[in-house]
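So you can see what is in the structure, the chains are spelled out below.
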Amino acid sequence: MLLGIDIGTSSVKVSVVDIVTQKTIASAHYPDEESPILALKPGWAEQSPDMWWQQAQEAILHCNKSGAYNPAEITAIGIAYQMHGLVLVDKAQQVLRGSIIWCDSRAVEIGDKAFDAIGHQKCLSHLLNSPGNFTASKLAWVKANEPEIYSRIEKIMLPGDFIAMKLTGEITTSISALSEGIFFDFKTNKISKDIVGYYGFEESFFPEIKPVFSSHGTLRVTVAEKLGLKKGIPVSYKSGDQPNNALSLNVLNPGEVAATAGTSGVIYGVSDQLTYDKESRVNTFAHVNYTEKERRLGVLLCINGTGSMYRWIKHNFGAGLSYGQMNKQAQNAPVGSDGLRVLPFGNGAERMLNNKLPGAQLYNIDLNLHTQAHVFRAVQEGIACAFRYGLDIMRSNGMNPTVIRAGKANLFLSGLFAETFVNLTRIPVELYNNDGSVGAALGAGIGAGIFSSPQEAFGNMKPVQLIEPKDSQQIEAVYREWKKLLEKQLEEL
């Protein structure tokens, strides 16, 4: 069997997968309530890496309690993780500060200055992105604002690197991870001298670089004993959540596209070209199967405020209701929510909006007309409109998907949202019963050599539902109005 660990923003999920059938034997997540995000200032967002480690252990132990398998028969571990977070440790592998996570906006100005200083064309052609608000710029913020902490850094890591370190005691990274942090130069296939030189980073900060599918260390005895696992089994796969989501949907070749609508919303397409958006509104990173000889790039559109927007609405408008109940209520409102419009952008700087912070907005509230059902539907429609807006940017950069694969999870559990998404984008969606922890488990099987290829690992995967576009005139009119509201909001920033 294989163990997959998915370090999410809201919780940690683990799954145990049978090697022969590729079927999920058991899954668990921890905690039951959504994990806190610490915002010491507006636009900031931090989480404790030690909290992730505690949650991962609890989730594994909860999964073990299912009794559906013998934990000692697990032969490899894979890790998926929330992208772009900065983790700093000292020589004793102790965490130096909270992780500055993906939706933190404090480093926008730092990244913008680096973009100008290094040169726009050089950044885009070598890094495939602006330094923006990514991990490298967050590290530069620590250097400028917390010099005492910076002076004690032994290694910098992404969240998945940290969890692998806690499991094995070893610190490694990958080209995929370095690229998502904007540390990697695709022209030289090395750590970027421009980024390291401009920001003045020590090259010793970077861990050993290994392929995504390889051994990143073996399980420590003390950890194995605590978790009921066999000592010495490898952590044989590590990937950011969006490349991993694509892997879990068998999206590995040029032209294939995946989507997810969890805490954030993402459309992720694979390309074999060193492509970039001139305004860096969509971003290009090394995919899990990237090599120097066979380039596989992930072109990523990210919307910060998707599931996070729906969660906020649940807490403030739907107290006592489950997400399923909210989805059912949303169906009681008409297409267009009787004029109620929502901009779902309240979770940090939005890359597709040039790192602006328009905030979340509710427009046209009629106190005599609008109900909970209208609010729930308007939020789902607003999120779907944001996806359409971003997809149009991807289309302008040559990415024209004919089908999108998505896991039947999070917002795609809502038939209303899925149909609105399809009708707005005019692209069919295939839904699969797969998630990030299952993808990480199967990735571990590839990395450990148990599967000869991703095709073998995902050979039994079949779609559970196909949603085709239908009449879209009504929702298209909603989108045109929504887009005008967004453009007006952006003009005022």
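Residues numbered from 1 in each chain as written. Predicted model: local features only at pLDDT ≥ 70, side-chain atom pairs only at ≥ 80, totals over all residues. Heavy atoms only, no water.

1. Concerning the overall build of the protein chain
Stage number 1. Per the secondary structure count, the protein chain includes 17 helices and 22 strands.
Stage number 2. What you see for the protein chain is a C-alpha radius of gyration of 22 Å, in line with the 23 Å of a compact globule of 493 residues.
Stage number 3. In terms of overall dimensions, the protein chain has a C-alpha envelope of 65 × 55 × 40 Å along the principal axes.
Stage number 4. The 493 residues of the protein chain split such that 62% are buried.
Stage number 5. Considering only intrachain contacts with a sequence separation of at least 6, the fraction spanning at least 24 residues in the protein chain is 74%.
Stage number 6. Of the roughly 18800 Å² that the protein chain leaves accessible, carbon and sulfur atoms contribute 48%. (Helix = DSSP H or I, 4+ residues; strand = E, 2+ residues; numbered from the N terminus. Rg over C-alpha atoms; globule rule 2.2 N^0.38 Å. Buried < 20%, exposed > 50% of the residue type's maximum accessible area, 1.4 Å probe, protein only. Contact = heavy atoms within 4.5 Å. Areas by Shrake-Rupley, 256 points an atom, 1.4 Å probe, with all protein chains shown as cover.)

2. Examining the packing of aromatic side chains
Stage number 1. For the structure on display, the rule yields 20 aromatic pairs.
Stage number 2. Measuring from ring centre to ring centre gives 5.3 Å for Phe 412 and Phe 417, while their planes differ by 75°; the resulting arrangement is edge-to-face.
Stage number 3. Given a relative accessible area of 2%, Phe 412 falls into the buried group.
Stage number 4. What links up through ring pairs into an aromatic cluster is the set Phe 183, Tyr 198, Tyr 199, Phe 201 and Phe 206.
Stage number 5. Taking the ring centre of Trp 44 as reference, the NZ or CZ of Arg 106 above it sits at 3.7 Å.
Stage number 6. The ring of Tyr 323 is capped by Lys 314, whose NZ or CZ atom sits 5.3 Å from the centre of that ring. (Phe/Tyr/Trp six-rings, centres within 6.5 Å; stacked < 30°, edge-to-face > 60°. Lys NZ or Arg CZ within 6 Å of the ring centre and 35° of its normal.)

3. Regarding the sheet that holds strand 13 (residues 235-240)
Paired through their backbone hydrogen bonds, the strands of a sheet run either parallel or antiparallel.
Stage number 1. As summarised here, the arrangement of the 5 strands in space is 3-2-1-5-13, forming an open sheet in which the pairing is mixed. Two strands in the sheet have a free side with no partner beyond their single neighbour: strand 3 (24-30) and strand 13. When the angles between neighbouring strand axes are averaged without regard to direction, this sheet yields 15°.
Stage number 2. Judged from the 6 bridges that link them, strand 2 (residues 12-17) and strand 3 form a sheet pairing that is antiparallel. The partner of Ser 15 across the bridge, within strand 3, is Ser 27.
Stage number 3. The strands that helix 1 (residues 49-64) touches are strand 1 (2-7), strand 2 and strand 3; relative to strand 3, the one it contacts most, it runs at about 140°.
Stage number 4. Lying over the sheet, helix 15 (residues 436-447) contacts strand 1, strand 2, strand 3, strand 5 (76-81) and strand 13, oriented at roughly 130° with respect to strand 1. (Pairing = 2+ DSSP bridges. Axes fitted to C-alpha atoms, helices over the stretch in contact; angles between N-to-C directions.)

4. A look at the sheet that holds strand 22 (residues 465-467)
Stage number 1. As summarised here, the arrangement of the 7 strands in space is 16-17-15-14-20-21-22, forming an open sheet in which the pairing is mixed. Strands at the two margins of the open sheet, each flanked by one partner only, are strand 16 (283-286) and strand 22. Adjacent strand axes in the sheet meet at a mean angle of 25°, parallel and antiparallel pairs treated alike.
Stage number 2. Examined bridge by bridge, strand 14 (residues 257-261) and strand 15 (residues 265-271) share 5 bridges and lie antiparallel to one another. Among the inter-strand pairings, Ala 259 is bridged to a residue of strand 15, identified as Ile 267.
Stage number 3. On top of the sheet, helix 10 (residues 241-248) reaches strand 14, strand 15 and strand 17 (297-303); it is set at about 120° to strand 14, its chief contact.
Stage number 4. Of the strands in this sheet, strand 14, strand 15, strand 20 (404-407), strand 21 (429-432) and strand 22 touch helix 14 (residues 415-425), which is tilted by about 45° from strand 22.

5. Some remarks on the pattern of salt bridges
Stage number 1. Inspection of the entire model under this criterion finds 20 salt bridges.
Stage number 2. It is possible to trace a salt-bridge network through shared partners that takes in Glu 46, Arg 97, Asp 104, Arg 106 and Glu 146. (Salt bridge = Lys/Arg side-chain N within 4 Å of Asp/Glu carboxyl O.)

6. Comments concerning helix 10
Stage number 1. Counting buried residues in helix 10 gives 7 out of 8 residues, a clear majority hidden from the surface.
Stage number 2. Within the sequence span of helix 10, burial applies to Gln 242, Pro 243, Asn 244, Asn 245, Ala 246, Leu 247 and Ser 248.
Stage number 3. Buried positions along helix 10 lie against strand 5, strand 13, strand 14, strand 15, strand 17 and helix 15.
Stage number 4. Positive backbone phi, approximately 60°, marks Asn 250, located one or two places after helix 10.

7. Considerations on helix 2 (residues 108-118)
Stage number 1. The complete set of buried residues in helix 2 reads Val 108, Gly 111, Ala 114, Phe 115 and Ile 118. Down the axis of helix 2, the sector holding all buried residues measures 125°, keeping them to one side. With respect to the buried face of helix 2, the exposed residues turned more than 90 degrees away are Glu 109 and Asp 116.
Stage number 2. If you follow the buried residues of helix 2, they end up packed against helix 3 (120-126), helix 4 (135-145) and helix 8 (193-199). (Arc of directions from axis to C-beta.)

8. Quick notes on the pairing of strand 15
Stage number 1. For strand 15, a buried count of 7 out of 7 residues is recorded, marking the element as mostly surrounded by other parts of the structure.
Stage number 2. Of the two faces of strand 15, the one holding Gly 265, Ile 267, Gly 269 and Ser 271 and the one holding Val 266, Tyr 268 and Val 270 are both buried throughout.
Stage number 3. Hairpin remark: strand 14 followed by strand 15, antiparallel, with 3 residues in the connecting loop.
Stage number 4. Bridge analysis of strand 15 against strand 17 gives 7 bridges, and the strand direction is antiparallel. In the sheet register, Gly 269 faces strand 17, and the bridge partner there is Val 299.

9. Let's talk about the environment of Pro 159
Stage number 1. Position of Pro 159 among the secondary structure elements: in helix 6 (residues 159-168).
Stage number 2. Residue Pro 159 is classed as buried on the basis of its relative accessible area of 0%.
Stage number 3. Separated by 72 residues in sequence, Pro 159 and Val 87 have C-alpha atoms that sit 6.4 Å apart.

10. Here's the deal with the side chain of Ser 15
Stage number 1. Note on placement: Ser 15 falls in strand 2.
Stage number 2. A residue is classified by how much of its surface remains accessible, and Ser 15, at 0% relative accessible area, is buried.
Stage number 3. Among the polar contacts made by the side chain of Ser 15, one reaches the side chain of Ser 27 at a distance of 2.7 Å.
Stage number 4. Polar contacts involving the side chain of Ser 15 include one to the side chain of Ser 437, which spans 2.7 Å.
Stage number 5. Excluding residues that lie within four positions of it along the chain, Ser 15 makes contacts with Leu 2, Leu 3, Gly 4, Thr 24, Ala 26, Ser 27, Asp 435, Ser 437, Val 438 and Ala 441. (Polar contact = N/O pair within 3.5 Å; in protein donor to acceptor, adjacent residues only side chain to side chain.)

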